[in-house]
Amino acid sequence: MENKPKTLLSKLRPPTKLISVGSSSNILRDRTQKNEVTSTLSRAIPARLAPMSRRSKSFSDLRTLCNKPLSFDRPNLRTLTKPAVKKELPKSITNATVRKPIGIQQATTSKQPIKRAANDKNSDEPKIKKVSKPAPYDYKARFNLLNEKYTLLIQNSKDSKGTLSTALTELEEYKTKYESTNNLAVNLQQAKNLLTKRAEEAENDLKKLKEEHEKVSREFKTLREKYDIIDKEHTEIMVKYEKEGRELKVYKSNLETANENICNLENSVQTFKQDLLASEQTRRYLHNKIQDLKGNIRVFCRVRPPKDSEDDRMITNMTFIDESTLEIKKQKESISAITGKCADLKQEFNFDKVFPPESSQEEVFEDLSQLVQSALDGYNICVFAYGQTGSGKTYTMQGVPGDLGMIPRCVDLLFKHIQKLEKSGWVYKVEASFLEIYNETIRDLLDPNSKETHDIKYNNAKEASVTNLKIEPINGSSDLKALMLEAQNNRAVASTDYNEHSSRSHAVTKIYLEGCNEEQKYIFKASLNLVDLAGSESAKTSDRINETKNINKSLSTLGNVMLALHNKDGHIPYRNSKLTYLLQSSLGGNSKTLMFVNISPFEDCYNETVNSLRFAGKVKEVKTGSKRNKMKKDRDM
Ligand SMILES: Nc1ncnc2c1ncn2[C@@H]1O[C@H](COP(=O)(O)OP(=O)(O)OP(=O)(O)O)[C@@H](O)[C@H]1O
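About the criteria used
- Residues numbered from 1 in each chain as written.
- Predicted model: local features only at pLDDT ≥ 70, side-chain atom pairs only at ≥ 80, totals over all residues.
- Buried ≥ 20, exposed ≤ 12 C-beta atoms within 10 Å, placed from the backbone.
- Helix = DSSP H or I, 4+ residues; strand = E, 2+ residues; numbered from the N terminus.
- Pairing = 2+ DSSP bridges.
- Expected span 1.5 Å × (residues − 1).
- Arc of directions from axis to C-beta.
- Axes fitted to C-alpha atoms, helices over the stretch in contact; angles between N-to-C directions.
- Parallel < 35°, antiparallel > 145°, perpendicular 65-115°, else oblique.
- Left-handed = near helix turned anticlockwise from the far one by under 90°.
- Contact = placed C-beta atoms within 7 Å.
- Nonpolar A, V, L, I, M, F, W, Y, C, P; charged D, E, K, R; others polar.
- pLDDT = per-residue confidence, 0-100.
- UniProt positions renumbered as here; feature names shortened; annotations may be inferred.

Novice: Explain the pairing of strand 1 (residues 297-303) to me, please; I cannot follow it from the model alone.
Specialist: Of all seven residues in strand 1, seven are buried, a share of seventy percent or more. Of the two faces of strand 1, the one carrying Ile-297, Val-299, Cys-301 and Val-303 and the one carrying Arg-298, Phe-300 and Arg-302 are both buried. As judged from the three bridges shared by strand 1 and strand 5 (residues 353-355), these two strands associate in the parallel manner. Note on strand 5: the bridge partner recorded for Cys-301 is Val-354.

This is the structure in structure tokens:
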């Protein structure tokens, strides 16, 4: 038991140089050291443990603790020798010290603490009773004294042992506390590390969050700016929308009014349409009445002007008495027996119209144009030019570039009328064919090299048709003009005495019309025959006798047909020539015919001119009762 404190103390402190005092020096040294150790421990350990015991266990306190170094101060050995430490010692130890024997105090090398203790009136240590020193010879006294001292020392030793035992117990407790504290410190360190790590992670997270926040803030700022712009635009749009809404209301109101107006107008249009239909029928009726009054076969006489190259030819004396009367004169060679003077041979001819040499194509077409309207009203029309070679037939019918003749003008007017009529519900189908009759043979001018034969046929409806003939659809006047040019180029021509390129065949341009008005339930078919006849000169004036015979045959047949029509004969000799047979439906009752009699102005053509005028005069006398082609529905005619 006595050795144990020594072992513990030796572990706690390094050996120090001790002062030896007589036989009790070891005891004294042990006690001093124990006091010092106890004092140091009582200072050090409670100082560390006390805060822990009373501190809260909150996280912040733990953190604070963790941040303090967790090591015990080793006792400063030098301070152990200082008596001042006594103030902090536990009471038991202090009490033990109070009973120090005077001898021991005197035995220490340092007298100062002893003096101070003795002189310090405030010290808690009990004052040792001062004993008078026995005389050297008084061995008994001295022995008693020593014996007292010894007893005191024994007593002190016992006290010290108890004190030491208590101190050791306390030390063990402190040690246990130290170890638990140390474990706690380790745990706290671990907790600290963990928390530090978490704190770092949290800091990183915070940093990231800050960056994210900044980024989001920037984006938010951008979005905010955009939002402001959009909001502004939205406001503007809303203002505009409201404005447009108000306008829309006005428009709607206007629209309703307009719809009402449209309804009214539609009703009006319907009424107008009916009126138009009625007036159209009236117009048609009146138009055709006028045409009928003018005559279903009309004859226009046209005198061509001499050309510059024909200056040397004598001009026949012609007088245009009025717009329909022509007087032609020729000096008679015979001298009157009575008067002895030359007598003029005068002949007067009356036609529907007479066109002097200076008449333009436009003037000539003016009257013809009314027949185009008749064709669109469902009548068959036949226009042909009759006259000797070089009298101006082709010029009148076809014209020359820049001065269009009757055929192209008819075509232009036809499509002009069609365009107008289409607006009132009419739909027209237009087709065309071009043929020539040369030496009583039909040739297709759109297919001149065809080996097919072309015969004239009539169907039950008495409509003429030519076999193997090309009939081309026409969508506009340009289509028809192009085909007409092609046909003109294919037409047989031969030079004669009278004209460099005299036509020796009858050229027939036929335009087929089919009109349909679904609304009015009308449908009809009509045709427009435009014929440029071959020259009508007599055989004796032509080198091509056979050709002339055939030409004259057909022309004389034409005359005979006209005469038969004029005489209202039971038999009309249509079949005597291809020409009359082909034109049968256009020369008879159900047609309107216009004949141009073209005459040359020259004296040397006088006889042919008179023949032509006589022939035309006969035709003029023919009256036909024309009828419009049958319509599927016809209200007034
Ligand atoms: N009204 C006119 N104005 C000016 N020139 C005309 C007129 N009529 C005819 N001519 C000219 O007279 C000439 C003969 O006319 P055109 O060829 O038309 O006669 P034609 O009767 O058709 O002859 P053919 O029977 O040979 O065909 C042509 O050069 C033509 O240009």
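Novice: Would you mind showing me how to read helix 16 (residues 606-621) here?
Specialist: In an α-helix, one full turn covers 3.6 residues, which means residues spaced three or four apart are oriented alike. Over its 16 residues, helix 16 extends 23 Å from the first C-alpha to the last, a length consistent with the 22 Å expected when each residue adds 1.5 Å. Buried residues of helix 16: Glu-608, Thr-609, Ser-612, Leu-613, Phe-615, Ala-616, Val-619 and Lys-620, and no others. One side of helix 16 carries all its buried residues, which in axial view fall inside an arc of 160°.

Novice: How should the packing of helix 9 (residues 361-376) against helix 11 (residues 406-423) be read in this particular structure?
Specialist: A pair of packed helices is captured by two measures, namely the crossing angle of their axes and the spacing between those axes. Contact geometry for helix 9 and helix 11: axes closest at 10 Å, N-to-C directions at 45°. Viewed along their axes, helix 9 and helix 11 adopt a mutual orientation that is oblique. You can see that helix 9 and helix 11 cross each other, and the crossing is right-handed. Facing helix 9, whose interface residues are Phe-365, Leu-368, Ser-369, Val-372, Gln-373 and Leu-376, helix 11 presents Met-406, Arg-409, Cys-410, Leu-413, Leu-414, His-417 and Leu-421. In terms of residue class, the contact of helix 9 with helix 11 is made up of nine nonpolar, three polar and one charged.

Novice: Is there a simple way to explain the confidence of the model for the chain in this structure?
Specialist: It should be kept in mind that the predicted coordinates are not to be read in detail where pLDDT is low. Of all residues in the chain, 70% attain a pLDDT of 70 or more, and the chain-wide mean is 75. Low pLDDT (under 50) marks residues 494-502, which in the prediction has 19 contacts with non-local residues, meaning those over four places away or in another chain. Here residues 624-628 scores under 50 on pLDDT; set against residues more than four positions off or in separate chains, the count is 19 contacts. Of the two predicted TM-score estimates for the complex, the pTM is 0.57 and the ipTM is 0.98.

Novice: I keep staring at the environment of Ala-616 and nothing clicks. Help me out?
Specialist: Within the secondary structure, Ala-616 is located in helix 16. Sequence separation of Ala-616 and Gly-559 is 57 residues, and the distance between their C-alpha atoms is 8.6 Å. The contact partners of Ala-616, leaving out residues within four places of it in the chain, are Val-299, Cys-301, Phe-351, Tyr-386, Met-595 and Val-597.

Novice: It is not clear to me how the UniProt feature "binding site: ATP" (unreviewed entry) in the chain should be interpreted in this structure. Could you clarify?
Specialist: UniProt records the feature "binding site: ATP" (unreviewed entry) at Gly-387, Gln-388, Thr-389, Gly-390, Ser-391, Gly-392, Lys-393 and Thr-394, using the numbering of this structure. Here Gln-388 shows up in the loop between strand 6 (380-387) and helix 10 (393-397). Taking the number of C-beta atoms within 10 Å as the measure of exposure, Gln-388 has 24 and is therefore buried. Relative to the elements of secondary structure, Thr-389 occurs in the loop between strand 6 and helix 10.

Novice: Explain the pairing of strand 17 (residues 522-532) to me, please; I cannot follow it from the model alone.
Specialist: Two faces make up the sheet, and in a regular strand the side chains alternate between them. By the criterion of burial, strand 17 is predominantly enclosed, with eight of the eleven residues buried. Where strand 6 meets strand 17, five bridges bridge the pair, whose relative direction is parallel. In the strand pairing of strand 17, Val-383 is matched with Leu-530. Alignment of strand 16 (residues 506-517) against strand 17, held across eleven bridges, turns out to be antiparallel. Its bridge partner being in strand 17, Ala-507 is matched across the sheet by Asp-532. Counting the residues between successive antiparallel strands, the hairpin from strand 16 to strand 17 contains four residues, one of them, Lys-521, with a positive phi of roughly 60°.

Novice: Explain the packing of helix 11 against helix 12 (residues 477-490) to me, please; I cannot follow it from the model alone.
Specialist: It is at 9 Å that the axes of helix 11 and helix 12 come closest, and there the two elements cross at 160°. Between helix 11 and helix 12, the crossing angle belongs to the class labelled roughly antiparallel. The way helix 11 lies across helix 12 gives a crossing that is right-handed. Within the contact between the two elements, helix 11 uses Ile-407, Pro-408, Val-411, Asp-412 and Phe-415 and helix 12 uses Ser-477, Leu-480, Lys-481 and Met-484. Within the contact of helix 11 with helix 12, the residues separate by chemical class into six nonpolar, one polar and two charged.

Novice: Is there a simple way to explain unusual backbone geometry in this structure?
Specialist: Leaving glycine out, the prevailing phi sign among residues is negative, and the prevailing peptide bond configuration is trans. Although it is not a glycine, Glu-440 adopts a positive phi angle of roughly 60°. Examined against the element boundaries, Glu-440 turns out to sit in the loop between strand 9 (426-438) and strand 10 (441-444). The partly exposed category is assigned to Glu-440, around which 14 C-beta atoms lie within 10 Å. Of note in this structure, Asn-468 is not a glycine but carries a positive phi near 55°. By the element assignment, Asn-468 lies in the loop between strand 12 (464-466) and strand 13 (472-474). The exposure class assigned to Asn-468 is partly exposed, which follows from the 13 C-beta atoms found within 10 Å.

Novice: Please clarify how helix 11 should be interpreted in this entry.
Specialist: For helix 11, with 18 residues, the first-to-last C-alpha span of 26 Å sits near the 26 Å given by 1.5 Å per residue. Met-406, Ile-407, Pro-408, Arg-409, Cys-410, Val-411 and Leu-414 are the residues of helix 11 that are buried.

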